[in-house]
Amino acid sequence: MTNHRVQSNEPARAELPHYQEILDNTDWASLETPSGTGELLPTALVRLLHADPRVRATAVVDALGAVTHQNTIYEATVPVALYVATVLNHPATVAGGFEQDADQTPHYLTRVVLLDWLSSTAYDADDECVANGERSSGSAFLDECPDMRAFRDLRPSFYSAVHPLLEHDDADVRAAALVAALPLAEHPVLAQHRTELVDHARRLLNTSTDRYKRDRVLEALTAWGHDISGLENADDVAVRELRARRIAERWTGGCSEDPPF
């Protein structure tokens, strides 16, 4: 791996390189980010593994925030995502938490934050995004978005890093891993893993009240043809019905603004 500008139409192998190899063998300065090039990304990525959780918290902003803008996959997004995948099981990602509040109480494991970012990025390149792009730009949409295509080709590799965390001891890690795994499993070679993910999804729905995670899980189950009527709680039904009304109002001209979801 010498330069992540190289694109392939074939799915990537599930094996991931060592994170140091990604740092050393990627031409970061040549890769586009929302605000320039990725020249400073290696320094920020290294700090994701720092012993001090405060340093790791700033590294998240400097590394992951630097390639995140308006739901777009940039040239530098792909090697950053590879790096994140390779360090998910690094001991530093569970060494303490991010200090979020004035009382300095640690809340979030670095591992959860990394999984959430990988999940969000995967949704920015999921099948729905491609379908929307093809509706507006034609069937050549992915040909015009090589960075999105590169990310999508690497979904089996990302999945191989996320999969072991589905059985993690920490409930937050398990939930974050599941939500990350769902869009990755849209890759055709991962179809065989969806049955296992359905089992994890049912467990999450039985235990979690997190609105975002429940929505993602229910959406995936619906897309895969599962009956969710017995899995929804009252809040799920209320949110689903509200969305349906908002969409209907937009189509009938009764709503001039985007729905608040």
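Thresholds applied
Residues numbered from 1 in each chain as written. Predicted model: local features only at pLDDT ≥ 70, side-chain atom pairs only at ≥ 80, totals over all residues. Heavy atoms only, no water. Helix = DSSP H or I, 4+ residues; strand = E, 2+ residues; numbered from the N terminus. Buried < 20%, exposed > 50% of the residue type's maximum accessible area, 1.4 Å probe, protein only. Contact = heavy atoms within 4.5 Å. Areas by Shrake-Rupley, 256 points an atom, 1.4 Å probe, with all protein chains shown as cover. Axes fitted to C-alpha atoms, helices over the stretch in contact; angles between N-to-C directions. Parallel < 35°, antiparallel > 145°, perpendicular 65-115°, else oblique. Left-handed = near helix turned anticlockwise from the far one by under 90°. Nonpolar A, V, L, I, M, F, W, Y, C, P; charged D, E, K, R; others polar. Phe/Tyr/Trp six-rings, centres within 6.5 Å; stacked < 30°, edge-to-face > 60°. Lys NZ or Arg CZ within 6 Å of the ring centre and 35° of its normal. Salt bridge = Lys/Arg side-chain N within 4 Å of Asp/Glu carboxyl O.

**Student:** Before we move on, could you go through the overall build of the protein chain and cite the residues and values that matter?
**Tutor:** Each helix and strand counted, the protein chain has twelve helices and four strands in total. By the burial criterion, 43% of the 261 residues in the protein chain qualify as buried. Partitioning the contacts of the protein chain with sequence separation of at least 6, the portion at a separation of at least 24 is 61%. Split by element, the accessible area of the protein chain, about 13400 Å² in all, is 50% carbon and sulfur.

**Student:** I'd like to hear about the packing of helix α5 (residues 110-123) against helix α9 (residues 171-184), residue by residue, with values.
**Tutor:** Helix packing geometry: the angle between the two helix axes and the distance between the axes. The N-to-C vectors of α5 and α9 enclose an angle of 20°; their axes lie 8 Å apart at closest approach. Taken together, the axes of α5 and α9 are roughly parallel relative to one another. Note on packing geometry: the crossing formed by α5 with α9 is left-handed. Residues R111, V112, L115, D116, S119, A122 and Y123 of α5 form the contact with α9, whose participating residues are D172, V173, A176, A177, V179, A180, L182, P183 and L184. Each residue belonging to the contact of α5 with α9 can be placed in one class, and the counts come to twelve nonpolar, one polar and three charged.

**Student:** Which residues make up the packing of aromatic side chains, and what values go with them?
**Tutor:** Aromatic rings in a pair are described by how distant their centres are and how their planes are angled relative to each other. Applying the stated criterion to the full structure yields two aromatic pairs. Here Y19 and Y83 contribute two aromatic rings whose centre-to-centre distance is 6.0 Å and whose plane-to-plane angle is 80°, an arrangement assigned as edge-to-face. Taken together, the positions of Y19 in helix α1 (residues 19-25) and Y83 in helix α4 (residues 77-87) put the pair 64 residues apart, joining distant regions of the chain. Residue classification places Y83 among the buried positions, given a relative accessible area of 0%. When the centroid spacing of 4.8 Å and the interplanar angle of 40° are considered together, the rings of F151 and F158 count as tilted. With a relative accessible area of 0%, F158 lands in the buried category. One residue, R216, lies across the ring of Y123, its end atom 3.6 Å from the ring centre.

**Student:** Summarise the pattern of salt bridges; cite the residues concerned and give the values.
**Tutor:** Going through the model one piece at a time under the given rule, you end up with twelve salt bridges. Close ionic contact of E219 with R216 constitutes a salt bridge, the shortest N to O distance being 3.5 Å. Separated by three residues within a single helix, E219 and R216 lie in helix α11 (residues 211-223), roughly one turn from each other. You can call E219 partly exposed: its relative accessible area is 39%. Of the residues examined, R216 reaches a relative accessible area of 21% and is grouped as partly exposed.

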